[in-house]
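# Examining the three-dimensional arrangement
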Amino acid sequence: MTVSFEPLRRIIDGLVHSSVADEPLLAARHRAFIAAHLAVGLGVLMLFPIWLALAGRPSFASAVAFGWLAAPLPIAGFLSRTGRYGEAHLLSAVALAGLVVWAGMLTGGLGSPALVLLAIVPAEAALSGSRRITLASITISVCALAGLALVALAGLLPAPMAGPVSFAPILVAAAILYGAGLALRIELVQRVAEGAARDGEARYRILADNTAELITRHNGSGAVEFASPAARAMLGCSPAELIGHGLFDRVHVADRPSYLHALSEVDRTGEPRQVEFRLRRTAGDDAAGFVWAEMRCRPALDAAQGTRSVVAVLRDVTASRSQRDAFAEAQSSADQANQSKVQFLAHMSHELRTPLNAIIGFSEILQRELFGKFEMARHRDYIRLIHSTGEHLLQVVNSVLDMSKIEAGKFDVVAAPFPVVPVIDGALDMMAQQIAGRGVKLVRRIDRDLPEIVADRRACRQILLNLLSNAAKFTEAGGTVTVSATLEQGELVIEVRDTGIGIAANDLPRIGTPFVQADACAERRGEGTGLGVSVVKGLVALQGGTFALESETGRGTRAIVRLPIRPARHAAAPFIRPAGTVFEERERRRA
């Protein structure tokens, strides 16, 4: 018949506090403490009826002694309920010292053999793993012995116990039980600690042996004390070849200062560091040469020896480094190509403007018939078409030039205070005839008490002209374009709302990308270049504002511009230029 202690083990496990359930070593210490104290307390309670049967009615002194003997029971309950291991050890030390002193007082004072049990007090406290608890237990034993000595010198010792049955056998039995429990606790804690150490070492060994990264440990001078087997796959050498200064010898000469600096900084500051350098592979390998390695190192404290070292993890980043370099090169090429495109557009636009100004100017002279009347009305239509086509082409060229300058970061902004209401009225007056010619109604809702704004006058006018042009262009006859301007929380809010064809939800995110138009109305695609909203977004951003576009197919579009009344100095300063800039010259040429 096999006796199973599994039910008893489950009961003890259920008494362990939940705060240490995830810590195997601490849980083993709690389990051993509770089991030993329960065994001693319950053993004393089992012996108590036997002693009563043999000795008869107990005296006060023997009753107190049995009370001390049963003290491990409430102490085990205290640890189970609170999980306070250190305090439980102190209570156990006080209980055992009190029992020994009381037994010594009843069995001869300083000559009592029971005083030998005071040596168990610090021995049990040593199982707590705390030097503070151990020293406190030693102090408790010394104080107990000193107290007994003072009582003996004062002649206050009670008379030795007398009766048919001596108390000494009970004391000896209790001592044996206590010592046996202590021995079992020591063995259990030692076994669990060794098992945890073996398991931890095995787990870390598995990680170190199977990870693709090279793991090394360095001492204070940077020498390698440990290297994982990944050295063979990464560098084509055995881990033993990296011990000492073997790893340092493989670092590229130009990268050695950064390698040593990273290790020394970790050792000095205790902060993690990361560095990239080149490492030499062993000659004869198929991939012999230098590889790029990323080293992440951090400090590590050896609790057993009290020394600090540096643990480093090295990863081969040759492939990612090559990709990064290729990406940087491609990015540089793309930037150069984009810069070339911007310069080409700027030069082309500038070269086109000169003949366009001449075409527009001479067509205006011919329209006025300053040098004689046209004999046929068809000639007047031709001149009108030439003039309107030239104006449209000039507008396209100006938009391309503005967009190229914005993308290149060379668009100059003249920030100066000016009354904003006249600028809004001027832009509306300029577009009123064009909007009315399309059969669209223009509604103005301008707050006449708007303050001055610090911004670029010409850029603000261009924003309004572009938004009004788009609204009129994509609104059918009979529709409405509503322009409002208000002041909200220190910002000028300009809103242009139309009842036009609107923009589909899948097209809305693309609006504002240069040369991109929505597909909402195929017959209107030829009426623009897709630069109007792009220029608006760029001009608004340059002045520290925000631009938002809301639309729904068949229900119109709402464009919202927010500009700060007083932009921050750090945002406006880089764009400020003195009067007489290229924009005023451009305006004169347009006029």
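Residues numbered from 1 in each chain as written. Predicted model: local features only at pLDDT ≥ 70, side-chain atom pairs only at ≥ 80, totals over all residues. Heavy atoms only, no water.

## A look at the sheet that holds strand β5 (residues 307-316)
For clarity, the threshold we go by: We treat two strands as partners when DSSP finds at least two bridges between them. Here a strand is any run of E in DSSP of at least two residues, a helix any run of H or I of at least four, and the numbering for each starts at the N terminus. Lines fitted to C-alpha atoms define the axes here, with helix axes fitted over just the stretch in contact, and angles between the N-to-C directions of these axes take values from 0 to 180 degrees. Should any heavy atoms of two residues lie within 4.5 Å, those residues are counted as being in contact.
Judged by pairing direction, the sheet is antiparallel, and its five strands sit side by side in the order β2-β1-β5-β4-β3 without closing on themselves. Two strands in the sheet have a free side with no partner beyond their single neighbour: β2 (224-227) and β3 (273-280). On average, adjacent strands in this sheet sit at an angle of 30 degrees to one another, irrespective of strand direction. On top of the sheet, helix α11 (residues 256-269) reaches β1 (214-218), β3, β4 (290-302) and β5; it is set at about 15 degrees to β4, its chief contact.

## Comments concerning the confidence of the model for the protein chain
As a reminder, the rule being used: pLDDT measures how confident the predictor is about each residue, on a scale from 0 to 100.
Residues at a pLDDT of 70 or more form 83% of the protein chain, whose mean pLDDT is 79. Scored below 50 in pLDDT, residues 521-526 makes eight contacts in the model with residues more than four places away or belonging to other chains. Contacts for the low-pLDDT stretch residues 570-591, under 50 throughout, to residues beyond four places or in other chains number 31 contacts.

## With respect to the packing of aromatic side chains
Rules: Classification of ring pairs uses Phe, Tyr and Trp, with its six-membered ring standing for Trp, and accepts pairs whose centres are within 6.5 Å; under 30 degrees between planes counts as stacked, over 60 as edge-to-face, and the remaining range as tilted. For the exposure calls, accessible area comes from a 1.4 Å probe over protein chains only, and a residue counts as buried if that area is under 20% of its type's maximum, exposed if over 50%, partly exposed in between. By definition here, charges over rings are those cases where NZ of Lys or CZ of Arg is within 6 Å of the ring centre and within 35 degrees of the ring normal.
Applying the stated criterion across every chain, the model contains three aromatic pairs. Note on F248 and Y259: the rings are 6.3 Å apart at their centroids and 35 degrees apart in plane angle, and the pair reads as tilted. With a gap of 11 residues between them, F248 in helix α10 (residues 246-250) and Y259 in helix α11 connect regions that are remote in the sequence. Judged by relative accessible area, which is 0%, Y259 ranks as buried. With a centroid separation of 5.3 Å and an interplanar angle of 75 degrees, the aromatic rings of Y259 and F277 are classed as edge-to-face. Of this pair, Y259 sits in helix α11 while F277 is found in strand β3, placing the two residues 18 residues apart along the sequence. Among the aromatic residues, those joined into a ring-pair cluster are F248, Y259 and F277. Over the aromatic face of F248 sits the side chain of R256, whose NZ or CZ is 4.8 Å from the ring centroid. Lying across the ring of W292, R321 places its NZ or CZ 3.8 Å from the centre.

## Remarks on the packing of helix α14 (residues 420-437) against helix α15 (residues 457-473)
Packed helices, taken two at a time, are described by the angle between their axes plus the distance between the axes. Under the convention used in this document: Comment on the angle field: the value is read as roughly parallel under 35 degrees, roughly antiparallel over 145, roughly perpendicular from 65 to 115, and oblique elsewhere. Should the near helix be turned anticlockwise from the far one by less than a right angle, the crossing is termed left-handed; should it be turned clockwise, right-handed. Polarity classes work like this: nonpolar for Ala, Val, Leu, Ile, Met, Phe, Trp, Tyr, Cys and Pro, charged for Asp, Glu, Lys and Arg, and polar for all others, with Gly in that last group.
Orientation of α14 relative to α15, taken along the N-to-C sense of each, is 30 degrees, at an axis distance of 9 Å. In terms of orientation, α14 lies roughly parallel with respect to α15. In the packing of α14 onto α15, the handedness of the crossing is right-handed. Contact with α14, carried on its side by V423, I424, A427, L428, M430, M431, Q434 and I435, involves R457, R461, L464, L465, L468, S469 and A472 of α15 and no other residues of that element. Classifying every residue of the contact of α14 with α15 gives 11 nonpolar, two polar and two charged.

## A closer look at the sheet that holds strand β10 (residues 491-498)
The mixed open sheet is built from five strands, whose spatial order is β7-β9-β10-β12-β11. In this open sheet, the two strands that pair with only one neighbour each are β7 (441-446) and β11 (546-552). Direction aside, neighbouring strands of the sheet carry axes that sit 10 degrees apart on average. With six bridges joining them, β7 and strand β9 (residues 480-488) adopt parallel strand pairing. From the neighbouring strand, K441 faces β9, where its bridge partner is T480. Its contacts with the sheet put α15 on β9, β10, β11 and β12 (556-564), and the angle it makes with β10 is roughly 20 degrees.

## Re the nonpolar core
Stated formally: For the purposes of this section, nonpolar cores are sets of buried Ala, Val, Leu, Ile, Met, Phe, Trp, Tyr and Cys residues that join through side-chain atoms within 4.5 Å.
Counting 46 residues, the largest nonpolar core has V420, I424, I453 and L468 as the members making the most contacts within it. Of all the secondary structure elements, the ones that give two or more residues to this core are α13 (377-408), α14, β8 (452-455), α15, β9, β10, α16 (532-542) and β12. At nine residues, the largest contribution of residues to this core is made by α15. Every residue in contact with L468, bar those within four places of it in the chain, is listed here: A427, L428, M431, I435, V481, V483 and V496.

## Examining the packing of α15 against α16
Packing of α15 against α16 brings their axes to within 9 Å, and their N-to-C directions diverge by 150 degrees. The orientation of α15 with respect to α16, classified from their angle, is roughly antiparallel. Crossing handedness for the pair α15 and α16: left-handed. Listed contacts from α16 to A459, Q462, I463, N466, L467 and N470 of α15 are G532, V533, V535, V536, L539 and V540.

## Structural notes on the pairing of β10
Judged by how many residues are buried, β10 sits mostly within the fold: six of eight residues are covered. Relative to β10, β9 runs antiparallel, the two sharing eight bridges. Paired with V481 across the bridge in β10 is D498. Where β9 folds back on β10, the antiparallel hairpin that results is connected by two residues, among which Q489 adopts a positive phi of roughly 50 degrees. Pairing geometry for β10 and β12, over seven bridges, is antiparallel. Bridging across to β12, L492 finds its partner in L563.

## A look at α16
The element α16 is extensively covered by neighbouring structure, given that nine of its 11 residues are classed as buried. Inspection of α16 places G532, V533, S534, V535, V536, G538, L539, V540 and L542 among the buried residues, and these make up the whole buried set. Looking at the residues trailing α16, positive phi occurs at G544, about 75 degrees.

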